[in-house]
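Coordinates in review
Each chain, written out:
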Amino acid sequence: MASRVGNPKAEAQVSEGTAKSQPNSNNADSAPKKQRVKRPNYNEIHAKPLPLEVYPLPTFIPHNPISIVRIAVSLISHSIRRPSSHLVIHKAYFSPETQSIHVTDPKSIRALWEQGFWGKGSLSRSEPHWLDQEKRRRGLDAVQTSEEYTRGRREERRQMKLERAKAQREAIEEQLRKEGKVVSETQIEDLVDEGLFAESPKGTLYSTDSDKPLASTTETENAIISAVSKSAGQNPLVPDAVIEDQEHLQLTLEEAFFLCYVLGVLEVSNNHVAVQPTELIRLFCQHSLFLATETLRSPVPLSQDDVVAIAPDNAFVLKYIVFHHFRSLGWVVRPGTKFGCDYLLYLRGPAFHHAEFAVMILPAYSHPYWSEDPVRAAASRKKENRDWWWLHRLNRVQTQARKTLMLVHVEVPPPWDENGAKRIDISKVLVNYHVRETIWKRWSMNRNRD
Amino acid sequence: MAPGFTPVSEPFAISRVAGRYLLFDVDVMMHARRAYNICGVHVGTVPNLSQQNVFLGIPLELQPEEARVLVEQGHAYIVDESEAHRKGFMQMSREERLSFLKAMDEQGMDISRKAVERAEERSGQALRNKGIESKETVVKETAGEGNELFDSKPTGPTATPVSVKKLEPTYVTPTTSYPPLTPSPPDTSFSLPDVPKSYPLFRYLHSRGYFTMPGIRFGCHYSVYPGDTLRFHSHYLATGMDWDEEFELLDVIGGGRLANRVKKAYLIGGEEKSEEQVDTGKGVGGGADVAPVRAFSIEWAGL
């Protein structure tokens, strides 16, 4: 008994000893590999949820009289000279071609990304870090970006698949050998070469009759990759050259409008003229119409003569209502095109959590105005109807990505912009809209048993 | 050929019950599947075990598209069952009805006789097991051969004749309506099945030899198989559309993403409207001239 207990201990000690001795022996090799790049402290970087300055009173500590003094000092100083919450007004311009708002100042880009996750880098997946990626590519910096992480993961997966295919092939080889179709010495490659068997790109073998043996795609892939890397290698990479940041931040129309109208920290200009939020809404609404960009190219100024009345179910208005609703409730709202939905809702932000909900916006026409006229009723019914296939597809996509589908119905009021006033009282408009959320989930008896 | 496979004479009947197209005959189902790539969906349960709905059996429900393809190609015809039954039973003559009732009675009698025989055998077995054989075997023997011995031995044991006298036909509920009724001949006046707008795509895929199953769980109209659905995984998730129909690009993203995840490709397709068809306003009607269908498959590139 004692010996049994003793043995594993001894083994463990031995293994520990080897483990300890190994790094010592080839320290130069393994030490730099093991040194992991520390993740940035996202809590610190994204401490501010919105790009505004706030001045909270110092903490009140009852047994510490100095804290009372500090509170009094800050109260007095604030009452004498009120500190501004809008220290920086970020500058941006409207780009009708991309239907987005561009921010080019690097400081603004960082600030908008870090304080509330606004916008997306034009050359990145979401966080604007093209420059980091470029630096890393040239060997200047060692920060791993999320795109590179994804790439690495995909490469790993590809390797895994190749290995699996190889194992399958070996099993087939073994089977063929057993069946006596293959002489034990010949390798399977020879047979493929001879044309007795064809090999699919995934490593499966078929006995051929008519088809030529397929060339494996992995080879062609490798060829392409090597060609690309060769051409890339021809680029003289000057390590110490200053790299110009070619990336800008793209804000969606809704984000820009929220920053502009609600927070007042963004100034959007169109054709080098700053546009007020009261006029901005008309600009954005016009550009969210289908094929609007061709007819409303930037040279057309916002003149009072050719004002198009904003439909109450304008795509921009509906999307903005929902954006405003969830942003006001504290969610970080980001576009969800890649998951086939309108918005993704993040708790705190994409750096902290995966998106919790996928929002799909549906207009609802339950106001009596929409059912007065049979033609209008038919048109609105057509707009709000979706088929079951649509719902199943959407729900399945979200379930695969572990998100919960939220159907958001926006009650569309009767038209409010019939006379086309130049300046729109936005708060009056927003009051007319109502939002209803519905969570849609597949319920299966076996999986929902607690 | 599978055992018990009897050749099916064409055109075969597709029963229309409450707007659904059903096949009740196993041979016809096999024929449709083998010859015309029509799979359908089994919808039948055992009547007294209807909670068991994992494995379903006959009847086979056909999608309207499947029924229409079969009818258009002349392999099948639609029978409106409620009409056929009403007409068939109303027009049945007295002799036919009586002969059918008589046949049912005979069948019932057969069942009763067999039941009695089984019961006697069982009781005899039980007695034998208890060892009370000596006296009872005589009775048993005579009872067992009662039917034949009855004439020769009029003074036999009393038990047997009594049981024969008491024998009443079991009431049989007929399970099929096609022995009493005769199958109605193909009725060409019956209109083609109503089909959704995705029908042209279905017809196109079917003409290319693909097998299809309903694809509602993947959010598409059809999941398309390159061969028999029992042998292959499906390759495409197909959604049929009108040629000029507007759809959201988000749907394409969603469909492509979904299909990619389950190792398939998302397929959209529709009937290309030629100029004259647009002019004359001729729809998707099943005429001889069929407008070409174009289909596009969408895959996630993952660049």
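Residues numbered from 1 in each chain as written. Chains lettered and ligands numbered in written order. Predicted model: local features only at pLDDT ≥ 70, side-chain atom pairs only at ≥ 80, totals over all residues.

Considerations on unusual backbone geometry
The condition is simple: Labels follow the DSSP assignment, with helices taken as runs of H or I lasting at least four residues and strands as runs of E lasting at least two, numbered in each case from the N terminus. Exposure in this text rests on C-beta crowding, where 20 or more other C-beta atoms within 10 Å of a residue's own make it buried, 12 or fewer make it exposed, and counts in between make it partly exposed. The C-beta atoms are placed from the backbone.
Cis geometry is adopted by the peptide bond preceding Pro11 of chain B, which originates at Glu10 of chain B and carries an omega value of -10°. Counting through the fold element by element, Pro11 of chain B comes out in the segment before strand E1 (12-17). Following Ile58 of chain B, the chain continues into Pro59 of chain B via a peptide bond in cis, with omega recorded as 5°. Positionally, Pro59 of chain B belongs in strand E4 (residues 57-62). In this structure, His272 of chain A takes a positive phi of about 65° despite not being glycine. Tracing the backbone through its elements, the reader meets His272 of chain A in the loop between strand E7 (266-270) and strand E8 (273-274). The class for His272 of chain A is exposed, based on 6 C-beta atoms found within 10 Å. Of note, the phi angle at Ala18 of chain B is positive, near 50°, even though the residue is not glycine. Its location among the elements puts Ala18 of chain B in the loop between E1 and strand E2 (20-23). Residue Ala18 of chain B is classed as exposed on the basis of its C-beta count, with 7 C-beta atoms lying within 10 Å.

Examining helix H16 (residues 388-400) of chain A
Because an α-helix completes one turn every 3.6 residues, residues spaced three or four positions apart along the sequence face the same direction. Rules: One less than the residue count of a helix, multiplied by 1.5 Å, gives the span that helix is expected to have. Contact between residues is assigned whenever the C-beta positions, reconstructed from backbone atoms, fall within 7 Å.
For H16 of chain A, with 13 residues, the first-to-last C-alpha span of 18 Å sits near the 18 Å given by 1.5 Å per residue. Considering only its buried residues, H16 of chain A is in contact with strand E11 (357-364), strand E12 (404-411) and strand E13 (434-440) of chain A together with helix H9 (249-261) of chain B. Following H16 of chain A by one or two positions, Arg402 of chain A has its phi on the positive side, about 55°.

Observations concerning the confidence of the model for chain B
In plain terms, the rule: For every residue, the predictor states its confidence as a pLDDT score lying anywhere from 0 to 100.
Per-residue confidence for chain B averages 80 on the pLDDT scale, and 81% of its residues sit at or above 70. Of the regions scoring below 50 in pLDDT, residues 136-162 of chain B engages in 16 contacts with residues more than four places distant in sequence or in other chains.

Section: the UniProt feature "active site" (unreviewed entry) in chain A
All names here are of chain A. Rules: UniProt positions are given in the numbering used here, feature names are shortened, and annotations may be inferred rather than shown by experiment.
Taking the numbering used here, the UniProt-annotated feature "active site" (unreviewed entry) corresponds to Tyr346, His354 and Lys403. In sequence the annotated residues extend across 58 residues, while in space they remain close, none of their C-alpha pairs exceeding 10.6 Å. Relative to the helices and strands, Tyr346 resides in strand E10 (residues 343-346). Under the C-beta neighbour-count criterion, Tyr346 is labelled partly exposed, with 19 such atoms within 10 Å. Setting aside chain neighbours within four positions, we find Tyr346 in contact with Trp331, Val332, Arg334, His353, Ala355 and Glu356. Following the sequence through the fold, Lys403 ends up in the loop between H16 and E12. For Lys403, a count of 20 C-beta atoms within 10 Å corresponds to the buried category. Those residues in contact with Lys403, other than ones at most four positions away along the chain, are Phe339, Ala355, Glu356, Phe357, Ala358 and Gln398.

Examining the packing of helix H10 (residues 253-263) of chain A against helix H11 (residues 277-287) of chain A
Residues and elements named next belong to chain A. For the record, the criterion: Lines are fitted to the C-alpha atoms to define the axes, a helix being fitted only along its stretch in contact, and any angle between axes, read from their N-to-C directions, falls within 0 to 180 degrees. Any angle that falls under 35 degrees is termed roughly parallel, while one over 145 is termed roughly antiparallel, one within 65 to 115 roughly perpendicular, and all others oblique. Residues are grouped as follows: Ala, Val, Leu, Ile, Met, Phe, Trp, Tyr, Cys and Pro are nonpolar; Asp, Glu, Lys and Arg are charged; every other residue, Gly included, is polar.
The N-to-C vectors of H10 and H11 enclose an angle of 170°; their axes lie 10 Å apart at closest approach. With respect to H11, the element H10 is oriented roughly antiparallel. Within the contact between the two elements, H10 uses Leu253, Phe257, Cys260 and Tyr261 and H11 uses Pro277, Leu280, Ile281 and Phe284. Of the residues contributing to the contact of H10 with H11, the split by class is 8 nonpolar, no polar and no charged.

Overview of the UniProt feature "domain: tRNA intron endonuclease catalytic" (unreviewed entry) in chain A
Per the UniProt entry, the sites bearing "domain: tRNA intron endonuclease catalytic" (unreviewed entry) are residues 316-408 of chain A in this numbering. As annotated, residues 316-408 of chain A comprises 45% helix and 23% strand, and the C-alpha atoms at either end are separated by 15 Å.

Considering the sheet that holds strand E8 (residues 236-241) of chain B
All names here are of chain B. Put simply, the rule is: Between any two strands, at least two bridges found by DSSP are needed for them to pair.
The mixed open sheet is built from 5 strands, whose spatial order is E6-E7-E8-E9-E10. Looking at which strands have only one partner, the edges of the open sheet turn out to be strand E6 (211-214) and strand E10 (293-298). On average, adjacent strands in this sheet sit at an angle of 30° to one another, irrespective of strand direction. Examined bridge by bridge, strand E7 (residues 222-225) and E8 share 3 bridges and lie antiparallel to one another. In the sheet register, Tyr222 faces E8, and the bridge partner there is Ala238. Sheet contacts for helix H8 (residues 199-207): E6, E7, E8, strand E9 (265-271) and E10; angle to E8, the most-contacted strand, approximately 135°.

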